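Coordinate inspection notes
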Amino acid sequence: GQNIDQPTEMTATEGAIVQINCTYQTSGFNGLFWYQQHAGEAPTFLSYNVLDGLEEKGRFSSFLSRSKGYSYLLLKELQMKDSASYLCAGNSGYSTLTFGKGTMLLVSP
Amino acid sequence: GAVVSQHPSWVICKSGTSVKIECRSLDFQATTMFWYRQFPKQSLMLMATSNEGSKATYEQGVEKDKFLINHASLTLSTLTVTSAHPEDSSFYICSAPDRGPDTQYFGPGTRLTVL
């Protein structure tokens, strides 16, 4: 199975860098997603890692270590609009996603 | 990019009635669609996998006779909540992969409130 753990809440200030960690059981795992979800809205795709290492996309980067069952999402130059829930999700089989409980990030001025 | 729509966006119904939620892939064909449920301040929980032309696959603990899923075409899946009760009030979200597991698109969600 894929029990996925991530912190419940995090706070940071505008302009700062924040790292959101995610750990999971490695059995039956194909890849790992990060999604952003604002309250009352559907998740939006941020990243998908299949191979070990860091992938950078503008202000957001995602890292994966398959052997350690560990991933993180790195957000740089935080903006107020980045306040949202960040969901870590693993996929097993074809596109079947198992989500973590999400990390609520609050960005303050 | 690919778009997935849901209808209705929100619905309020009386206890005991049935509610149908539609999920459409607007510019791609989806042989598989997924239905999730999200309670307040909780994560998305996969309810079932909808397969075009065949029976849906339900996750453990999800009543298939209560949550009826039909995937009659490559662009439409429907979820019917039968005999809805207040505990069924939730945010229902569908998703569909386009070209592969890393291109999964979510619908905007349907907020169901059962009185």
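Because the structure is predicted, anything quoted here is derived from the model rather than measured. Each chain has its residues counted from 1, following the order in which its sequence is written. Labels are handed out in written order, letters beginning with A for the chains and numbers beginning with 1 for the ligands. It should be noted that, the model being predicted, local features are given only for residues of pLDDT at least 70 and side-chain atom pairs only at 80 or more, the latter also being counted only at that level, while totals for whole chains, interfaces and linings use all residues. Just so you know, side-chain values use all the structure's heavy atoms and leave hydrogens and water out.

1. A word on the state of the cysteines
By convention in this document, the label disulfide applies to cysteine sulfur atom pairs within 2.5 Å. The final tally for this structure, using the stated rule, is 2 disulfides over all chains. Across a sulfur-sulfur distance of 1.9 Å, A:Cys22 and A:Cys88 are joined as a disulfide pair. Across the S-S bond of A:Cys22 and A:Cys88 the torsion is about -70 degrees, and the bridge reads as left-handed. Here the residue A:Cys22 occupies a position in strand 3 (residues 18-24), and A:Cys88 occupies one in strand 9 (residues 84-92), the gap between them amounting to 66 residues. A disulfide bridge connects B:Cys23 with B:Cys94, and the sulfur atoms are separated by 2.0 Å. Judged by the sign of its S-S torsion, about 80 degrees, the cystine formed by B:Cys23 and B:Cys94 is right-handed. With B:Cys23 in strand 3 (residues 19-25) and B:Cys94 in strand 9 (residues 90-97), this residue pair connects regions lying 71 residues apart in the sequence. Only protein chains enter the accessibility calculation, which uses a 1.4 Å probe; a residue whose area is less than 20% of its type maximum is buried, one above 50% is exposed, and one in between is partly exposed. Judged by its relative accessible area of 0%, B:Cys23 falls in the buried class. In this structure B:Cys94 comes out as buried when scored by relative accessible area, which is 0%. Cysteine B:Cys13 remains unbridged, with the sulfur of B:Cys94 as its closest cysteine sulfur at 18 Å. Counting from the N terminus, the helices are DSSP H or I runs at least four residues long and the strands are E runs at least two residues long.

2. Quick notes on the interface of chain B and chain A
Residue-level contacts link 20 residues of chain B with 18 residues of chain A. For the pair chain B and chain A, the summed buried surface comes to about 1,400 Å²; carbon and sulfur atoms form 60% of the total. Salt bridge, as used here: a side-chain nitrogen of Lys or Arg that lies within 4 Å of a carboxyl oxygen of Asp or Glu. There are 0 salt bridges connecting chain B and chain A. Here a polar contact is recorded for every N or O atom pair within 3.5 Å, except that within protein the pair must consist of a potential hydrogen donor and a potential acceptor, and residues adjacent in sequence are included only if both atoms are side-chain atoms. Linking chain B with chain A are 2 residue pairs in polar contact (both at pLDDT 80 or more), by the criterion used here. When contributions to the side of chain B that touches chain A are tallied by element, the ones reaching two or more residues are strand 4 (32-38), strand 9 and strand 10 (104-106) of chain B. Considered class by class, the residues forming the side of chain B that touches chain A number 10 nonpolar, 6 polar and 4 charged. Any two residues whose heavy atoms approach within 4.5 Å at even a single point are treated as in contact. Buried area: the sum, over both parts, of the accessible surface (1.4 Å probe) that disappears when the two are put together. All residues other than Ala, Val, Leu, Ile, Met, Phe, Trp, Tyr, Cys, Pro, Asp, Glu, Lys and Arg, Gly among them, are scored as polar; the first ten of these are nonpolar and the last four charged.

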